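So you can see what is in the structure, the chains are spelled out below.
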Amino acid sequence: MVLDPWNGSGTTTLAAQMAGMPSVGVDLNPVANIVAHLRANIAPASLLTSPPNADICAEDDPLLAWFSPPTASRLRSWSSLATSSPQGVRALALVALFRVVRELTRSFQGSNPTWVRRTSPDRPQVAIESEELDALLLKEQRDISKRLESHMRVGVRPILVNSSAKALPIASDSIDLVLTSPPYLTRIDYAVAYARELAVLGTDILANRSLREHLMGTTLIRPVDARLGAIYGPTANQLVKAISEHQSKASRGYYLKQACQYLNDLVDSLDEISRVCKKGAVAIFVVQDSYYKDAPIRLADICEEEANLRGWTTTEKRPFEVSRTLTSLNKAAKLYPKGKVSETVLTLKRV
């Protein structure tokens, strides 16, 4: 039994499926979970051809952040029909919606791909005729379906769950192998990056902060969870100390809290992973180091130490130098000198 507690779009569970292994994929982001469902489909899904008479979207519909009321209404009709459809059809139609919405709002994308602007006097709402929108969505469904059919899925369909790695809905001592890549400590706000797709599902991340607050690595601070002074391993404690003593603005305040919140999420998740794994289970983590300003974040070492404290032994640790990191997206961070960064494949065994 294979587990990916940060399954994202389902690469681990798809690989397990193709290898004939049962697997469980857990992710808190519902958009990623829908993509994982689509990739795991065994049989070709039928297409949605046309929504019913267009709904009138509510005044606070999150799609209005980018689309005119008539276009938002048509998109909401498609979304409503897709959501009420069987799982395979639902996943295909919603992923097609995600892709079309992202393409139509390309002008709202900034230089940082994780931040999406909203409509403004200088950037008006997107308006498109219903017939043209319907044609785009049908074409996208056909294109996706064709690509999936050229790589037909076999094996055991994975169990895909919309949940947090800190609260795995899995029985204790039931997992043989963990293969995963946890979110990195780079202050990348993944809920903002998926704001348009979440809007398709009816979630406005500005009005409803729940998902954004609970994603690991979020830039929002949860007041009750930002446990300063928690006990970590040596490398994590060194990082906390380096941030708290850094001379840059807000290092002792916001940035310290954000780092501690991430570390708390990491250790809570490792507690859960340890609970659900059998003795003798193997865990493989793909982890990338990064920087806070000019202070190195040795995330692979942190993961190794925290896992060792929870009864895992290291069997292999293979670093690979990478030239491009997520921290390079932040222009202000480029002002600080940095060394080379590694991405590490960390293999552990449960004792």
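Values in this document were obtained by computation on a predicted structure and should not be read as measured data. Along each chain, residue indices are assigned from 1 in the same order as the chain's sequence is written. Given that the model is predicted, a residue must reach a pLDDT of at least 70 before its local features are reported, and side-chain atom pairs must reach 80 or more before they are shown or counted; all residues, however, enter totals for whole chains, interfaces and linings. Think of the side-chain values as coming from all heavy atoms in the structure, minus any hydrogens and water.

Some details on the overall build of the protein
On a plain count of helices and strands, the protein comes out with eleven helices and nine strands. For the radius of gyration, the atoms used are the C-alpha atoms, and the globule rule reads 2.2 Å times the number of residues raised to 0.38. The globule rule puts the C-alpha radius of gyration for 351 residues at 20 Å, and the 22 Å found for the protein is close to it. Along the first, second and third principal axes, the C-alpha set of the protein runs to 60 × 50 × 35 Å. Sorting the 351 residues of the protein into buried and exposed places 50% on the buried side. Residue contacts are defined here by distance: any two heavy atoms, one from each residue, within 4.5 Å place the two residues in contact. When contacts within the protein are restricted to residue pairs at least 6 apart in sequence, those whose partners lie at least 24 apart make up 78%. The method behind every accessible area is Shrake-Rupley, applied with a 1.4 Å probe, and residues are considered shielded solely by the protein chains displayed. If you sum the accessible surface of the protein, you get close to 16,200 Å²; carbon and sulfur atoms cover 56% of it. If you average the places of the 42 positive and of the 36 negative side-chain charges in the protein, the two averages end up 4 Å apart. Only DSSP runs of H or I covering at least 4 residues are called helices, and only runs of E covering at least 2 are called strands; the numbering of each starts at the N terminus. Working definition: with a 1.4 Å probe on protein chains only, accessible area under 20% of the residue-type maximum means buried, over 50% means exposed, and in between means partly exposed. Charged-residue counts in this description rest on Lys and Arg as positive and Asp and Glu as negative, His and the chain ends being excluded. For this purpose, a charge sits on NZ of Lys, CZ of Arg, CG of Asp or CD of Glu.

Concerning the packing of aromatic side chains
Stacked, edge-to-face and tilted labels apply to pairs of Phe, Tyr and Trp rings (six-membered ring for Trp) whose centres lie within 6.5 Å, assigned for plane angles under 30 degrees, over 60, and everything in between, in that order. Applying the stated criterion across every chain yields a total of two aromatic pairs. A centroid spacing of 5.0 Å and a plane angle of 75° characterise the contact between Y254 and Y255, whose relative ring orientation is edge-to-face. Overall, the relative accessible area of 30% leaves Y254 in the partly exposed class. Aromatic side chains Y255 and Y292 sit 5.5 Å apart centroid to centroid with 55° between the ring planes, which places their arrangement in the tilted category.

Remarks on the pattern of salt bridges
Put simply, a salt bridge is a Lys or Arg side-chain nitrogen that is within 4 Å of an Asp or Glu carboxyl oxygen. Within the structure shown, the criterion is met by 21 salt bridges. In this structure, E103 and R106 form a salt bridge, with 2.7 Å as the shortest nitrogen-oxygen distance. Of the residues examined, E103 reaches a relative accessible area of 46% and is grouped as partly exposed. By relative accessible area, which is 55% here, R106 ends up exposed. In the salt-bridge network here, residues are joined through shared partners; they are R298, D301, E304 and K317.

Details of the nonpolar core
Only buried Ala, Val, Leu, Ile, Met, Phe, Trp, Tyr and Cys residues count toward a nonpolar core, and they belong to the same one when joined by side-chain atoms within 4.5 Å. Among the nonpolar cores identified, the biggest contains 43 residues, and L3, I273 and F285 are the most heavily contacted of them. In contact with I273, not counting residues within four places along its chain, are P5, W6, L168, V178, F285 and W312. Listed in part, the 42 residues of the second largest apolar core include A45, C57, A93 and I144.

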